[in-house]
Amino acid sequence: MRLTRRMQTILAETDRPDKLKAAVVQAVDLLARGETVALPTETVYGLAADAMNPEAVAKIFAAKERPSFDPLIIHLPHRDRLADVAIVPPEIAKAVAQITEHFWPGPLTLVLPKHPDVPDMVTAGLPTVAVRISANPIFRRVVTSLARPLAAPSANRFGRISPTSAAAVMKELEGRIPLILDGGACHTGLESTIIRILPRDPKPLLRVLRAGPVTKDDLQPFGKVEFANQLPAAGADHPEVPGQLASHYAPRTPLRLLEKPEDFTPVEGRRYALLSYRCDPDDGYLFLTDWVQSLTLSPGNGKLPEAAVRFFHCLRQLDECGADEIIAEPVPERGVGVAIMERLRRAAAK
Ligand code: TXA
Ligand code: MG
């Protein structure tokens, strides 16, 4: 897990056809040689490596300083390659077909029984594997050219804020990885929704292990939706949601989530930054202190998808503004707001 040497990290632009072509060739070449490459996805930037090559996968864990108990998500080049990495139980085969047909490529990850060919390191020794197909065109170009599944966790150091731009990846992993493909800002801005599908009559049970851009409403036509973290631990051998520690997505600056914004009382001399949802002028507490910096996720009436896109970017900026504490407002806990609140609670956890 120790990093033995620093390397030069190249940031490859993709905003012209010739640059795009060269960047994809370079990425595919490195990946084929068992190296890591940071790639844009529609959710957050991922740090990719050949999922079937344990030495390549080990480089992801080293660069991220990720503990070996935290399993990775595999990204397929195509839907018909699912059988290479997972064994779909017959009882849920129909649901898996319907769900993947509808949501892939896109920000939905399925946890399924693992194929024996998938290295144990990828799944942290679990009998299951997490799989999705990214909708980002640059990611898709790389993975289909390589024609092998890519393991790719978010391209941040373990426990830190997920990167939604190439510049953010550079801040996290410069000197630790050879190449970052710059695909601009991420489209949805929060990591994929992760689900398990359990056979039930008449509809399958969809257990949400991590809330994300695919919401409860989106999933409901395909089964009965249940959030795993809202239920008491079932006393299973393996935690159902491995790697998701209470403290995650953590800024270096302490973050306080105001469940009731009117409760905020500034302490004299303390320097605060504000992460506001709408910057509603009726919220009197906004005027109680001179914020070192304040950022608003979705000014005006508040739109949750816009807040999701901007969330990690704003959090990262506030973390760098020199405040003693970041004060975060809650967002409405519906739609993708469920996923934002889950990230905020983890960011606030010590
Ligand atoms: O949108 C995303 O999912 C991004 C982009 C890059 O694809 N990836 C991402 O990966 O968020 P990461 O490593 O930050 O999160 C992976 C999480 C693990 O921490 C764990 O909670 C869950 O996926 N996971 C992976 N394998 C699992 C398994 N077999 N069972 C349950 N959860 C699993
Ligand atoms: Mg992550």
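Residues numbered from 1 in each chain as written. Chains lettered and ligands numbered in written order. Predicted model: local features only at pLDDT ≥ 70, side-chain atom pairs only at ≥ 80, totals over all residues. Heavy atoms only, no water.

Caption draft 1: Seen up close, the domain arrangement of the protein. Here the protein is partitioned into domain 1 (10–80 + 119–182) and domain 2 (255–348). One C-alpha centre belongs to domain 1, the other to domain 2; they are set 30 Å apart. Contact with domain 1, which involves 8 residues of that partner, is made by 6 residues of domain 2. Interface of domain 1 and domain 2: buried area, both sides summed, is about 630 Å²; carbon and sulfur atoms make up 56% of it. Broken down residue by residue, the surface that domain 1 buries against domain 2 is led by Ile161, Thr164 and Lys171, which jointly contribute 68%. For the pair domain 1 and domain 2, the number of links is 2 salt bridges. The salt bridge partner of Lys171 is Glu320, with a shortest N-O separation of 3.6 Å. The class makeup of the residues in the side of domain 1 that touches domain 2 is 4 nonpolar, 2 polar and 2 charged. (Domains from an automatic or database assignment. Contact = heavy atoms within 4.5 Å. Buried area = accessible area lost by both parts, 1.4 Å probe. Salt bridge = Lys/Arg side-chain N within 4 Å of Asp/Glu carboxyl O. Nonpolar A, V, L, I, M, F, W, Y, C, P; charged D, E, K, R; others polar.)

Caption draft 2: Main features of the sheet that holds strand S15 (residues 325–328). What the 4 strands build is an open sheet, ordered S12-S15-S13-S14; its pairing is parallel. Looking at strand neighbours, the two that pair on one side only are strand S12 (255–257) and strand S14 (293–296), the edges of this open sheet. For this sheet the average axis-to-axis angle between neighbouring strands, irrespective of direction, equals 20°. By the bridge criterion, 4 bridges tie strand S13 (residues 272–276) to S14 in an arrangement that is parallel. For Ser276, the partnering residue across the bridge sits in S14 and is Thr296. In the packing of helix H10 (residues 337–348) onto the sheet, the strands contacted are S12, S13 and S15, and the crossing angle to S12 comes to about 130°. (Pairing = 2+ DSSP bridges. Helix = DSSP H or I, 4+ residues; strand = E, 2+ residues; numbered from the N terminus. Axes fitted to C-alpha atoms, helices over the stretch in contact; angles between N-to-C directions.)

Caption draft 3: Fine view of the packing of helix H1 (residues 17–32) against helix H6 (residues 137–146). In contact at an axis separation of 9 Å, H1 and H6 are set at 50° when each is read in the N-to-C sense. It follows from the interaxial angle that H1 and H6 lie oblique. Note on packing geometry: the crossing formed by H1 with H6 is right-handed. Contact with H1, carried on its side by Leu20, Val24, Ala27, Val28, Leu31 and Ala32, involves Ile138, Arg141, Val142, Ser145 and Leu146 of H6 and no other residues of that element. Of the residues in the contact of H1 with H6, the class split is 9 nonpolar, 1 polar and 1 charged. (Parallel < 35°, antiparallel > 145°, perpendicular 65-115°, else oblique. Left-handed = near helix turned anticlockwise from the far one by under 90°.)

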